Amino acid sequence: MIGNDGKPVTRDQIRAAITAYNTGERGSKDFAAIPRALVTILDNLAVGKTTYVKGGDGQLQVSRRKDKSIAAG
């Protein structure tokens, strides 16, 4: 995953972005800091499905819960 600044994103940064995705509003400053590719992946993730996001230091399992929030493993 490449961040908005063009540099690789670590798993911890992806976790922080997912927290901002779950708690923030679209259009807020925190939400704008989330990499666009990650927003696309999370928006298209169906309830009960799991996917993997590759960070600069390894993969991170991401799934959507029944309450439509995102969980990062």
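Counting from 1, residues in each chain are numbered in the order their sequence is written. In keeping with the predicted nature of the model, local features appear solely for residues at pLDDT of at least 70, side-chain atom pairs appear and are counted solely at 80 or more, and the whole-chain, interface and lining totals rest on all residues. Think of the side-chain values as coming from all heavy atoms in the structure, minus any hydrogens and water.

Novice: Got a minute to help me understand the overall build of the protein in this structure?
Specialist: In terms of regular secondary structure, the protein is built from 3 helices and 3 strands. Strands here mean DSSP runs of E at least two residues long; helices mean DSSP runs of H or I at least four residues long; both are numbered from the N terminus. Taken from the N to the C terminus, the helices and strands of the protein come in the order α-α-α-β-β-β. The reference for a compact globule is 2.2 Å times residues^0.38; the radius of gyration itself is calculated from the C-alpha atoms. Its C-alpha atoms give the protein a radius of gyration of 11 Å, near enough to 11 Å, the size a compact globule of 73 residues would have. Its C-alpha atoms give the protein principal-axis dimensions of about 30 × 30 × 15 Å.

Novice: Please explain the nonpolar core as it appears in this structure.
Specialist: One broad trend across soluble globular proteins is that nonpolar side chains are buried collectively. Residues enter a nonpolar core if they are buried and are Ala, Val, Leu, Ile, Met, Phe, Trp, Tyr or Cys, with the set joined through side-chain atoms within 4.5 Å. We call a residue buried when its accessible area falls under 20% of the maximum for its residue type, exposed when it is over 50%, and partly exposed in between, using a 1.4 Å probe and counting protein chains only. Residues Ile14, Ile18, Ile34, Leu38, Leu42, Val62 and Ile70 are the most contacted members of the largest nonpolar core, which totals 17 residues. The set of elements that each furnish at least two residues to this core consists of α1 (11-23), α3 (36-43) and β2 (58-64).

Novice: Help me understand α3 in this model?
Specialist: In an α-helix, one turn spans 3.6 residues, which is why side chains three or four residues apart end up on the same side. Taken together, the buried positions of α3 are Leu38, Val39 and Leu42. Along the axis of α3, the buried positions cluster into a sector of 100°, meaning they face one direction only. Residue contacts are counted whenever heavy atoms from the two residues lie within 4.5 Å of one another. Elements in contact with the buried residues of α3: α1, α2 (29-32), β1 (50-55), β2 and β3 (70-72). It is the directions from the helix axis to the C-beta atoms whose arc is reported.

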